Every structure is written in C-alpha cells, then in structure tokens.
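Coordinates in review
Chain residues, written in single-letter form:
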Amino acid sequence: MKNVNFDVYEYIINLVKQGYDVDSISKTLNLEKSYVVSMLRKIRSDIVSSMDEESFYLISMIDVLLKKKIKNVTRNFGGAKRNQIFDMLCDGESYIEIISLLNISLSVYLSLLKAMYIDLYNYGSESEKIYLNLVKNSIDEVLATLKYENTVARVHTNRIPKKQLMVQKGLNNERVLSHSYVSDSYSLDVSDNLKFIVISDTHFGSKYENFDYLKEVYDYALSHGIKYIFHAGDLIEGSYANYRRCKRKYTNIGAQINHVIEDYPYDESVTNIMLLGNHDSFPIVVSGFDVSDSLKERKDFVITGYRTSYIKTKEEYISLKHEISRLLNEVEDSTVLLNFFGHSHQYKCFFDGKYAIFRVPTLADLPSNSYTIVNKGFLVGNIDFEEGRAVNLSVDYINFDDKDTISFERKLIK
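1. Some thoughts on a nonpolar patch on the surface
A grouping of Leu165, Leu177 and Tyr181 is seen on the molecular surface, where their side chains present a nonpolar patch of about 270 Å² in accessible area. As for its placement among the helices and strands, Tyr181 is situated in strand S2 (residues 175-188). Tyr181 gets classed as partly exposed once you look at its relative accessible area, which sits at 31%.

Rendered as structure tokens:
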C-alpha cells in the first residue's frame, strides 16, 4: 500500500485558501476545533516571522477565522508597547533608545515591529501606509544589528560616516540649514592611556539645572588626574516648550549661553569635548541662532557639532550620540569601541562581546516620567593601548542618587 504523507499544516493552509471556516476545517480533517485554532495561530506566526509579503493575504484570512478585531492601526497597534514604539519611531528615536525605555530585548522589539508592519500592510488606510517604510527600515536595522552581533571576531572599523551640514525641519516644515556639522570627528592625541569623564543632559538655564553636580565632576577630574570631559548633548535647555522649564532670568538663548560661559567651571588642565543635542539645536529652528558659535569663546570648549561625533584616539574611536527628532539628514551611525548616548537621562550598559554601548545619565535634577526612571550621575572611562589598539578598558558609573558605583571592565583581544 502506498504511503501518504498527511501534512496537517499544509492541508489547513489549502482549506483556508479555499474559504473554509474553523468548523469546516475541523470536520473535513476530523480534528478538534481547539487544535485547528492553535494551528492557525502557528501558521500566522510563521508568516509574520518570515516577512513573506506574498503570504500576507493569508494572515488577513486567518484573522477573520480567529475573529481578530482590527481598529485604526496607527491609533491602536494592539498593545501599549506597540503604541509606544510607534510614537517613538515617529519622534525619531533609535532602536537603542526604544529597547532601553521599554526594557525589552532586541529580539522582542523585532517581533513587535514585524507585527506592526503586517497590520499596516494588511489593514492600514492609504494615509496610514505612509508609515510602512518607517517600520520596515527599523526592521532592517534590527536584522542587520542582530547579524552583526552574532559575529564572533572583533572587527576593527575606520568607517566613520562622512560629516555633513545639519539640516532640520522648521516650524512650518521648511528646511532649515545650519553651518554646523553632524557626524563630525575629532582627533585626540594621547599616550598609552586615556582617562576621561562622560556627562550629558545638563540643561543649563532650566529650573532643573544643578551646577553643584558639575562641580563634583570637576572635583573628581582634578583629584584623579583626568584631563578630558566628554559632553553627550543638551548642554542648555534651549527654547523647547516656549521656555516653560527655564528659570525666569534664562528665558532667552543669549542668557543661557552667557550663563554657561560665565558659570561653567574652568581649570586650565581640563578640556571639554562637547556634542550638541536636540535642545541645543532647536534655537537654530526658532531664531536662526547657532549656539556652537558662541560656545567657542571658551578656550576649554571643543564643539564637535550636532547629533553624532567620533573621537579618534590612537587607532580607536569613541562615539558620542544624541537624538535630534527634527533632523532631516540621513545619518548612518557606526558602532565603535566605546559608544555613549545622551538624551535618555538614564544609565544603561549594553555589551555584545566586541563593543560597549552606554546610556549616559543626566547631570540635572530632571524628573522621572510615566515610563522611564531618571538616573543622575556621570561616567568615568579608562583605556589602555598597545601599538595603537585598545587592550584594556573600563567605564564606571558614579551615581548621585545613592553614591553607588557600577563598573564595566573588559580585557580585549587584539
């Protein structure tokens, strides 16, 4: 007798294509309805995982069988996390920002993105489908990152994105061109050891500013022989929210800049290498005022542009990054030896076996909000070099809230 391979999975798919409902599939294949439903869910899940757009129509048919309710897609992606992801994607947040704020893994984030993409593809209105590329690009970025993280060998990179003049979206959606750069780089000449401090989100001029924190940073630097302080953006409060968060005497950009120039600590042995972020860049949109010009009056300030900067030391790179939601430039970030992100007001550390990524805590008394906790403090870094390459590195988080220290240390293989 000839053997027949009875593939339930394929049989159910064929019956779905023919328009059978759950009861009909159950009777035709002599299967329990609960089993049919579980198989339908598996088939749907497999199509979502594969991202095979030619099979997306099957998802629509299965959703009908499973009585899934589809509402306005961009208003309700089917859960709080999906809705938050969509809002953050529209605000220009990076995947590192998103997984950090939502406290989810990269693989979970990818699953949520795929489900969002399919809902848009199948059920989105024409006006909603304009977001398909936004979600698809995010999926591609995560897939590339996961593939990259699965590489065992440490890959040295000199592929730093080319710097470009910053372009932002104006208040009336016009293009606002700056004479300052994004993705700029700066070379730092050091010996076989580099010690540095990383701070971020000082928001000077805001009612949340705290110069005592900065004085503590300087005291630490001077007592430990540290010559470099890296700032990861949002030096000033800027003109966000119509100065509502500003102290009364700092309700214009000129006053905030003078405040920094006059009150920021000074020591001739310390150099401040500063990236500028979204709060620093918004005055360009509002009034055409580029704060980088005025900040250069301080001889101890090195301004490395906006959004992203790369600090080259020996044969290695350190990156500083800070989101700017109004940015129109397409910036391709590189992952380098040490990566420091401002903007989130949190401390986080990610390590993939090759590169370390840190969220830099705030140096202000900013409050927590509904879905994120604010961390206050600064980071202290140390790199040892041999023949131009890093061999040992460490980053300590000095926490102002409970005076605790969290240490990250790695010995690298060249």
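2. What to know about helix H11 (residues 278-287)
With eight of 10 residues buried, H11 is to be regarded as a mostly interior element. Within H11 the residues assigned to the buried category are Asn278, His279, Asp280, Ser281, Phe282, Pro283, Ile284 and Val285. For H11, the elements touching its buried residues are strand S1 (164-169), S2, helix H10 (253-263), strand S5 (271-276), helix H12 (291-295) and strand S6 (301-313). Once H11 finishes, Gly288 follows within two positions and takes phi at roughly 70°, a positive value.

3. Remarks on the pairing of S2
Taken together, the five bridges between S1 and S2 define a ladder with antiparallel strand orientation. What sits directly across from Gln168, in S2, is Val176. What sits between the antiparallel neighbours S1 and S2 is a turn of five residues, in which Asn173 has the positive phi angle 65°. In terms of strand pairing, S2 meets S6 through six bridges, oriented parallel. Pairing of Ser187 across the sheet is with Lys312, part of S6.

Conventions and cut-offs
Residues numbered from 1 in each chain as written. Predicted model: local features only at pLDDT ≥ 70, side-chain atom pairs only at ≥ 80, totals over all residues. Heavy atoms only, no water. Patch = residues over 30% accessible without salt bridge, like charges linked within 9 Å, V, L, I, M, F, W, Y side chains within 5 Å. Areas by Shrake-Rupley, 256 points an atom, 1.4 Å probe, with all protein chains shown as cover. Salt bridge = Lys/Arg side-chain N within 4 Å of Asp/Glu carboxyl O. Helix = DSSP H or I, 4+ residues; strand = E, 2+ residues; numbered from the N terminus. Buried < 20%, exposed > 50% of the residue type's maximum accessible area, 1.4 Å probe, protein only. Contact = heavy atoms within 4.5 Å. Pairing = 2+ DSSP bridges.

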